[in-house]
Protein chains: 2
Amino acid sequence: MNAYPSKLVERAVEQLSTLPGIGRKTALRLALHLLSRPKLDTHTFAHALTEMRDGIIYCRQCHNISDTELCSICASPSRDTSTICVVQHVGDVLAIENTGQYRGVYHVLGGVISPIDGIGPEELLIDELIERVRSGTVKEVILALGTTMEGDTTNFFLYRRLQDFSIKVSVIARGIAIGDEIEYTDEVTLGRSILTRTDFDQSIRF
Amino acid sequence: MNAYPSKLVERAVEQLSTLPGIGRKTALRLALHLLSRPKLDTHTFAHALTEMRDGIIYCRQCHNISDTELCSICASPSRDTSTICVVQHVGDVLAIENTGQYRGVYHVLGGVISPIDGIGPEELLIDELIERVRSGTVKEVILALGTTMEGDTTNFFLYRRLQDFSIKVSVIARGIAIGDEIEYTDEVTLGRSILTRTDFDQSIRF
C-alpha cells in the first residue's frame, strides 16, 4: 500500500491507522466507507469525536469521565459511598458497571506503578484516594487492578498506605473463570485458586 | 453496554460504531483511546476525515478518487491508455495497483447491476465507459468485476454493449488461488479452472 490515488485519502488513512487495532488496510476500508456516505455523515462523525475530546471532564471525586463536575455514579443517592472500588482505567469502571453486581463507588487511579515506564506513585491519583478515605465515611476499599506484576505492586503499595485507617481492604477474587475447564487453566491461576479457596457455604450463595 | 458515564462518550461511540466491522465494544475502546491522547490529536484526526470527505473529487475520465480533475493514473504519460480495466469500486483500483502487474488505465463503474437492490445499468457509469471506447484509441477492455451473479450479469451486459466496437474484451482469470491445494478448492472454482485452462507455454511465462 504505497500509491494512494489522493493525498487526502492518504492523510485520512494515516490518521485512522493511529487507532489501536486498526492497520493500514482496515484504515483504507474505513476511509472508502466514509467516502461512500453523504458529506454530512462525516461531519457529524468528526464533530462527535472532537466534541467528546474537548467537552469531557473528569469527576472531581472518582476521576471517572463525566459530563458534570461530579459523575453520575458519585452523585447517585442509591450508591453506597462507604465502599470504594479502585481501578486502573475508565474502561474498568464500565466493565464492572456492566456486571450489575456492584453498588459502591469508584476511584480511577489512572494506571499502575511501573518503574520501567517511569510511572511512580506520584503519577497516579493515590493521594486523592487516601484523602477520600481520610475524610470520613469509607468502610471498605476493594482493589480491582490488573493481575500483572505492576498491578500486584500497586495493590501492595495501596494496602500499606491504607493500613493507617481502620477500614477493610479487599481484592477482587482471582481464580479460574466461570465456564473454564480445570485441565486447561494455566498453573499460576489454578494454584492461586486452590490457595485462595472459598467456603462452599459462601460460594453457593451466588 | 447501556450506562455510559458521559453523553459525549455515548455519542462518539454511536458514531464510531457506524463504521464497518466496528461494534460498540471496539468503538468504546477507540473512544477511550482518543480520550487518552492530547486534544490536538483528535482535532487532527477529525480534520483529516472531513477534509478528505469535502475535498475529494472523482477523476472526470476514470471516476477513481483523485485530488485533481484528472487522476494521477489517467494523467501519467507512462500508462497505456489503450487498455481499460473496468472495476466496481475505488478499492479495486488500489488492489490492482498494488499487484504492480498492470500498466493500463481504469474505469470505475460504481457498482454492478443488481435488480434486487434497485441498481440498473443507468445507475452505473456504463455510458461513460462506452463514450471512452467510442472516442477512439482503446484496443482492449478488461472486465475485473466481482465473481458474483451480479458481477457476471454486468460482465455480460458490458460485453454486449462493447460488441459494437472492434476491440478485444477480456475478463480476469478465475481459478484456484496461488498457494491453494486442489483438494480444498470449492468445486465451482475448480471446475471453472479446468474449463478455462491455459496453455502451459503461456503460463510459464509468468
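Residues numbered from 1 in each chain as written. Chains lettered and ligands numbered in written order. Predicted model: local features only at pLDDT ≥ 70, side-chain atom pairs only at ≥ 80, totals over all residues. Heavy atoms only, no water.

Enquirer: I tried to follow the pattern of salt bridges on my own but got confused; where do I start?
Expert: Between side chains of opposite charge, pairing is possible as soon as their charged atoms come close. Residues and elements named next belong to chain A. For the structure shown, the criterion picks out 16 salt bridges over all chains. For the salt bridge of D152 with R174, the shortest nitrogen-to-oxygen distance reads 3.0 Å. Remark: R174 occurs in the loop between β6 (168-171) and α8 (187-195) and D152 occurs in helix α7 (residues 149-162); sequence separation between them is 22 residues. By relative accessible area, which is 16% here, R174 ends up buried. (Salt bridge = Lys/Arg side-chain N within 4 Å of Asp/Glu carboxyl O. Helix = DSSP H or I, 4+ residues; strand = E, 2+ residues; numbered from the N terminus. Buried < 20%, exposed > 50% of the residue type's maximum accessible area, 1.4 Å probe, protein only.)

Enquirer: Hey, could you run me through the relation of the copies chain A and chain B in this one?
Expert: In this arrangement, two copies of a chain are superimposed by a rotation about an axis accompanied by a shift along the axis. Taken as rigid bodies, chain A and chain B are interconverted by a rotation of 180° and an axial shift of 0.0 Å, the fit giving an RMSD of 0.1 Å. Both chain copies can therefore be described as sitting about a two-fold axis. For chain A, the smallest separation between a C-alpha atom and the rotation axis is recorded for A:A46, amounting to 2.3 Å. Interface overlap between copies: 100% of the residues of chain A at the interface are likewise at the interface in chain B, consistent with a symmetric, same-surface contact. (Least-squares fit on C-alpha atoms with pLDDT ≥ 70 in both. Contact = heavy atoms within 4.5 Å.)

Enquirer: Just checking my understanding: could you explain the UniProt feature "zinc finger region: C4-type" (unreviewed entry) in chain A for this structure?
Expert: The sites that UniProt annotates as "zinc finger region: C4-type" (unreviewed entry) are residues 59-74 of chain A. Between the first and last C-alpha atoms of residues 59-74 of chain A the distance is 8 Å; the span itself is 19% helix and 12% strand. (UniProt positions renumbered as here; feature names shortened; annotations may be inferred.)

Enquirer: Any chance you could explain the packing of helix α2 (residues 24-36) of chain A against helix α3 (residues 39-55) of chain B here in plain terms?
Expert: Packed helix pairs are characterised by how far apart their axes lie and by the angle those axes make with each other. Closest axis-to-axis distance for the α2(A)/α3(B) pair is 9 Å, and the angle between their directions is 50°. With respect to α3(B), the element α2(A) is oriented oblique. Read as a crossing pair, α2(A) and α3(B) show a hand that is right-handed. Where α2(A) approaches α3(B), its residues A:A31, A:L34 and A:L35 are matched on the opposing element by B:L49, B:M52 and B:R53. (Axes fitted to C-alpha atoms, helices over the stretch in contact; angles between N-to-C directions. Parallel < 35°, antiparallel > 145°, perpendicular 65-115°, else oblique. Left-handed = near helix turned anticlockwise from the far one by under 90°.)

Enquirer: Is there a simple way to explain the interface of chain A and chain B in this structure?
Expert: Accessible area lost upon the coming together of the parts is a frequently used measure of interface size. Contact residues are listed per partner, giving 52 residues for chain A and 53 residues for chain B. Here chain A meets chain B over a buried area of about 5100 Å², counting both sides, of which 70% is carbon and sulfur. Summed over the shared surface of chain A and chain B, the number is 2 salt bridges. In this structure, the connection of chain A to chain B is made through 16 residue pairs in polar contact (both at pLDDT 80 or more). The set of elements that each furnish at least two residues to the side of chain A that touches chain B consists of α1 (7-16), α2, α3 (39-55), β2 (65-66) and α5 (90-99) of chain A. The biggest single contributor to the side of chain A that touches chain B is α3(A), with 15 residues. Each residue belonging to the side of chain A that touches chain B can be placed in one class, and the counts come to 28 nonpolar, 14 polar and 10 charged. (Buried area = accessible area lost by both parts, 1.4 Å probe. Polar contact = N/O pair within 3.5 Å; in protein donor to acceptor, adjacent residues only side chain to side chain. Nonpolar A, V, L, I, M, F, W, Y, C, P; charged D, E, K, R; others polar.)

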